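Read off the chains here:
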Amino acid sequence: MGKIIIIGPAHPLRGGLATFNQRLAKEFNDQGDDCSIYSFSLQYPKFLFPGKTQYTNEPAPSGIKIFSLINSINPFNWIKVGNRLKKEKPDIIVVRYWLPLMGPALGTILRRVRKNRHSRIICIADNIIPHEHRAGDKAFTKYFLKSCDAFITMSAKVMDDLRKYENDKHAK
């Protein structure tokens, strides 16, 4: 079948996004694809994380290759990871988007990948417009969205938000 890479949280990170990504990778592999996950070595700086810990004590899922390589705040890392993925030439990259803070990192990585002129990039969007607004949200989101070929949204509201960004892009 195909080579698929998921970009987003995975073990040892905890939470619904990590669980979803791991289950999606398992399903791709079960269907005969070669799927792995590129996750975060640093997802959130400690001062931005609202909970006690970003990590789980659960064992790693079996049968899934997880590479914890992405540092969400290091631009040199984004280029390095993007170049690695560009050379890997996956057929499809499925990237999770849930927070504008991740826009610069993910957008830069994906722009590097696109230079291989092979990989198709599909975004699974949990949010486009965040619940708590911060400076830079709109610019970070626009930067990220321009790096994707297709979108799957997790709700009709998120699809409406995505369409607003698309309409802004075509209005200029």
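Quick note: structure is the one above.
Calculation criteria
- Residues numbered from 1 in each chain as written.
- Predicted model: local features only at pLDDT ≥ 70, side-chain atom pairs only at ≥ 80, totals over all residues.
- Heavy atoms only, no water.
- Helix = DSSP H or I, 4+ residues; strand = E, 2+ residues; numbered from the N terminus.
- Buried < 20%, exposed > 50% of the residue type's maximum accessible area, 1.4 Å probe, protein only.
- Contact = heavy atoms within 4.5 Å.
- Areas by Shrake-Rupley, 256 points an atom, 1.4 Å probe, with all protein chains shown as cover.
- Salt bridge = Lys/Arg side-chain N within 4 Å of Asp/Glu carboxyl O.
- Pairing = 2+ DSSP bridges.
- Right-handed = clockwise from strand over helix to strand, strands pointing away.
- Expected span 1.5 Å × (residues − 1).
- Arc of directions from axis to C-beta.
- Phe/Tyr/Trp six-rings, centres within 6.5 Å; stacked < 30°, edge-to-face > 60°.
- Lys NZ or Arg CZ within 6 Å of the ring centre and 35° of its normal.

**Q** Where do I start with the overall build of the protein in this structure?
**A** Within the protein, the secondary structure is distributed over five helices and six strands. The proportion of buried residues among the 172 residues of the protein is 44%. Looking at the protein alone, contacts between residues at least 24 apart form 83% of all its contacts between residues at least 6 apart. Surface exposure of the protein reaches about 9400 Å², of which carbon and sulfur atoms provide 56%.

**Q** What is the right way to read the pattern of salt bridges from this model?
**A** Two side chains bearing opposite charge may form a pair once their charged atoms approach each other closely. Within this structure, the stated rule accounts for 10 salt bridges. Between glutamate 88 and lysine 3 there is a salt bridge, with the nearest N and O atoms lying 3.1 Å from each other. Remark: lysine 3 occurs in strand E1 (residues 3–7) and glutamate 88 occurs in helix H2 (residues 75–88); sequence separation between them is 85 residues. Glutamate 88 sits in the partly exposed class, given a relative accessible area of 24%. For lysine 3, a relative accessible area of 25% gives the class partly exposed. For lysine 164, the salt bridge identified is with aspartate 161, shortest N-O distance 4.0 Å. Highlighted residues: lysine 164 and aspartate 161, both in helix H5 (residues 156–171), separated by three residues, approximately one helical turn. Judged by relative accessible area, which is 48%, lysine 164 ranks as partly exposed. The exposure class of aspartate 161 is buried, given its relative accessible area of 3%. Counted as one network, the salt bridges with shared partners bring together Lys3, Arg84 and Glu88.

**Q** I would appreciate a short explanation of the pairing of strand E5 (residues 120–125) in the present structure.
**A** In summary, the side chains of a regular strand alternate between the two faces of the sheet. Strand direction decides the pairing type here: strand E4 (residues 92–97) and E5, joined by six bridges, are parallel. Note that in E5 the partner of isoleucine 93 across the bridge is isoleucine 121. Chirality of the crossover, the property in question, places the unit of E4, helix H3 (residues 103–114) and E5 among those that are right-handed. Here E5 pairs with strand E6 (residues 150–153) via four bridges, running parallel. Bridging from a neighbouring strand, alanine 125 pairs with threonine 153 of E6. Between E5 and its parallel partner E6, the chain crosses via helix H4 (residues 137–145), and the hand of that crossover is right-handed.

**Q** Please clarify how helix H1 (residues 16–30) should be interpreted in this entry.
**A** Along an α-helix, residues three or four apart share an orientation, since each turn contains 3.6 residues. Spanning 15 residues, H1 covers 21 Å between terminal C-alpha atoms, matching the ideal 21 Å at 1.5 Å per step. Taken together, the buried positions of H1 are occupied by Leu17, Ala18, Asn21, Gln22 and Ala25. One face of H1 carries all of its buried residues, which in axial projection span an arc of 130 degrees. Exposed and oriented more than 90 degrees from the buried face of H1 are Gly16 and Arg23. Against the buried residues of H1 lie E1, strand E2 (34–42), strand E3 (65–71) and E4. Backbone geometry just after H1 places glycine 32 at a positive phi near 100 degrees.

**Q** Help me out: how do you make sense of unusual backbone geometry in this one?
**A** Excluding glycine, residues mostly have negative phi values, and the peptide bonds linking residues are mostly trans. In the segment running from histidine 11 into proline 12, the intervening peptide bond is cis, with an omega of 15 degrees. Mapped onto the elements, proline 12 comes out in the loop between E1 and H1. Phi angles above zero are rare outside glycine, and lysine 89 is one such case at about 55 degrees.

**Q** Looking at this structure, how should I read the packing of aromatic side chains?
**A** This model, assessed by the stated rule, comprises three aromatic pairs. Arranged with centres 5.2 Å apart and planes meeting at 40 degrees, the rings of tyrosine 38 and phenylalanine 67 form a pair that is tilted. Here the residue tyrosine 38 occupies a position in strand E2, and phenylalanine 67 occupies one in strand E3, the gap between them amounting to 29 residues. Of the residues examined, tyrosine 38 reaches a relative accessible area of 0% and is grouped as buried. Here tyrosine 97 and phenylalanine 144 contribute two aromatic rings whose centre-to-centre distance is 4.3 Å and whose plane-to-plane angle is 10 degrees, an arrangement assigned as stacked. Of this pair, tyrosine 97 sits in strand E4 while phenylalanine 144 sits in helix H4, and the two are 47 residues apart along the sequence. Exposure remark for tyrosine 97: the relative accessible area of 0% places this residue in the buried category. Note on phenylalanine 144: relative accessible area 0%, which makes it buried. The ring of phenylalanine 20 carries the charged tip of arginine 96 above its face, separated from the ring centre by 4.3 Å.

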